[in-house]
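# Commentary on secondary and tertiary structure
Letter by letter, the chains look like this.
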Amino acid sequence: MEAIRKQASKLREQVARQQQAVMKQFGGGYGADNVFADEAEAQQHTKLEKLYISTRAAKHFQRDIVRGVEGYIVTGSKQVEIGNKLCEDGKKYGAENTCTSGSTLSRAAVCFSKARSLMEKERGNLLKALGTQVAEPLRAMVMGAPLEDARHLAQRYDRMRQEAEAQAIEVSKRQMKLRETSGNGDMISRLDVAESKLQELKSNMGVLGKEAVAAMTAVEAQQQRLTLQRLIAMVESERSYHQRVLQILDQLEREMVSERQRIEGAPPPAVESSMPPPPSYEEVNGIFMRNPTVAELVETVEFFLAEAIQSYRAESEAELNLSAGDYIVVRKVSNNGWAEGECRGKAGWFPYDYIEKRDRVLASKVAQVF
């Protein structure tokens, strides 16, 4: 419809120019150009045309923003749905994990699930803010009455201007006829009526033009102000969303890196068939067993100092906790891979492969043993 209106307006202007040329050729007294000889009215007409183009472009931009935000909300809602499903999967694994080597991954899965849930909640808040603070206000202005009323005023002014042009041509024709003939009272009367109507149209056109310019100027200012405010609100909402998500991700990364470091710092899990349990008290002291069997189990050695090359976590009261760098007084070494000694005032069994013998040790390190 807009294109048809423009084409019709161009055709009317072409016809009017042709009529004006004819009137000038025959020396008409009025002509369409005389209707708009007023410089103020011409400026008003030019300004109104510019305002119409400006407000139309702003309206299209607002509509494009609304469509973009609505599409983003639809896509984001689907992402929230997928993210929440991932949260449930992580939570389920963390609760039902049956891994025999530890629960590190279970704890990491639970942390991931909680963090993802918080992020999806933040995404939902962002989508809600974009809808209420950006899309709805702009949609209301695109469809609002002020813009439509101002555009109707401009269109009424345009139609009245065209009517005034046609009336000016009619006055010129009557003036020509009056000059070509001797004239009579009826022709003079009709010319007076036509001239009066032209003056009335010019007066009404001036008033309507001022009203249309004022209304369009107000709408243009409102469009510029409101659109900028909504763009700023959109930027602030997205910035706040990304900042909060970054905080959640930083916290999640710290928790998961901590779990990874704990796994990497711990000794590899012992395979049940690779190392037998440490000798019992009865086996070490030969109670209820033959002496050759005891000799096979425990090799009597002189005391020596050793350093723990990796940490060991005791799994029973008979075993000894070790930390990498600890110094131990080794008192017994078993043929099945275990050693017995004392460290930091406590005694117990530990894997022999976790220590290395030291011939020279600082006195301060020896004091730590006891």
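Above this text is the structure in question.
Definitions and cut-offs
- Residues numbered from 1 in each chain as written.
- Predicted model: local features only at pLDDT ≥ 70, side-chain atom pairs only at ≥ 80, totals over all residues.
- Heavy atoms only, no water.
- Helix = DSSP H or I, 4+ residues; strand = E, 2+ residues; numbered from the N terminus.
- Buried < 20%, exposed > 50% of the residue type's maximum accessible area, 1.4 Å probe, protein only.
- Contact = heavy atoms within 4.5 Å.
- Areas by Shrake-Rupley, 256 points an atom, 1.4 Å probe, with all protein chains shown as cover.
- Axes fitted to C-alpha atoms, helices over the stretch in contact; angles between N-to-C directions.
- Parallel < 35°, antiparallel > 145°, perpendicular 65-115°, else oblique.
- Left-handed = near helix turned anticlockwise from the far one by under 90°.
- Nonpolar A, V, L, I, M, F, W, Y, C, P; charged D, E, K, R; others polar.
- Salt bridge = Lys/Arg side-chain N within 4 Å of Asp/Glu carboxyl O.
- Pairing = 2+ DSSP bridges.
- Phe/Tyr/Trp six-rings, centres within 6.5 Å; stacked < 30°, edge-to-face > 60°.

## Topic: the overall build of the chain
Assigned secondary structure in the chain consists of 9 helices and 5 strands. For the chain, the α and β elements follow one another from N to C terminus as α-α-α-α-α-α-α-α-β-β-β-β-β-α. For the chain, buried positions account for 34% of its 370 residues. Considering only residue pairs separated by 6 or more positions, the chain has 73% of its internal contacts joining residues 24 or more positions apart. Summed over its atoms, the accessible surface of the chain is roughly 23200 Å², and 54% of this surface lies on carbon and sulfur atoms.

## As for the packing of helix α3 (residues 39-96) against helix α4 (residues 104-142)
Running from N to C, α3 and α4 cross one another at 160°; their axes reach a closest spacing of 8 Å. Judged on the interaxial angle alone, α4 and α3 are roughly antiparallel. The handedness of the crossing between α3 and α4 is left-handed. The residue inventory of the contact of α3 with α4, partitioned by class, reads 21 nonpolar, 13 polar and 8 charged.

## A few points about the packing of α3 against helix α5 (residues 145-180)
In contact at an axis separation of 11 Å, α3 and α5 are set at 140° when each is read in the N-to-C sense. Between α3 and α5 lies a crossing whose hand is left-handed. Judged by residue contacts, E41, Q44, H45, L48, Y52, T55, R56 and K59 of α3 engage L147, E148, R151, A154, Q155, Y157 and R161 from α5. Considered class by class, the residues forming the contact of α3 with α5 number 5 nonpolar, 4 polar and 6 charged.

## What about the side chain of R123?
For R123, the location among the structural elements is in helix α4. When its relative accessible area of 18% is taken as the criterion, R123 is described as buried. With near-sequence residues (within four places) excluded, R123 lies in contact with G76, Q79, V80 and Y241.

## Concerning the pattern of salt bridges
Considering all chains together, one arrives at 14 salt bridges under this definition. Ionic pairing is found between E81 and K78, a salt bridge with its closest N-O pair at 3.9 Å. Within this pair, E81 and its partner K78 are both found in helix α3, separated by 3 residues, close to a single helical turn. With relative accessibility at 51%, the residue E81 sits in the exposed group. R331 is the partner of E340 in a salt bridge, and the nearest nitrogen-oxygen pair spans 2.6 Å.

## Some details on the pairing of strand β3 (residues 338-343)
Of all 6 residues in β3, 5 are buried, a share of seventy percent or more. As paired strands, strand β2 (residues 327-334) and β3 are joined by 4 bridges and run antiparallel to one another. By the bridge assignment, V329 is partnered in β3 with E342. If you look at the hairpin formed by β2 and β3, you'll find 3 residues sitting between the two strands, and G337 has a positive phi there, around 95°. Pairing geometry for β3 and strand β4 (residues 346-351), over 6 bridges, is antiparallel. Bridge assignment links W338 to a residue of β4, and that residue is P351.

## Description of the packing of aromatic side chains
This model, assessed by the stated rule, comprises 2 aromatic pairs. When the ring of Y312 is compared with that of W338, the centres are 6.4 Å apart and the planes differ by 80°; the resulting orientation is edge-to-face. Of this pair, Y312 sits in the loop between β1 (298-308) and β2 while W338 sits in strand β3, and the two are 26 residues apart along the sequence. Here Y312 matches W338 in class, with each residue buried. Where Y312 meets Y354, the ring centres are 5.5 Å apart and the plane angle is 80°; that geometry is what we call edge-to-face. One end of the pair, Y312, is in the loop between β1 and β2; the other, Y354, is in the loop between β4 and β5 (355-357), and 42 residues separate them in sequence.

## Points about unusual backbone geometry
Even without being a glycine, R344 presents a positive backbone phi close to 55°. For R344, the location among the structural elements is in the loop between β3 and β4.

## Re the environment of R313
Mapped onto the secondary structure, R313 falls in the loop between β1 and β2. Since its relative accessible area comes to 63%, R313 is described here as exposed. Sequence separation between R313 and S323 is 10 residues; the distance between their C-alpha atoms is 8.4 Å.

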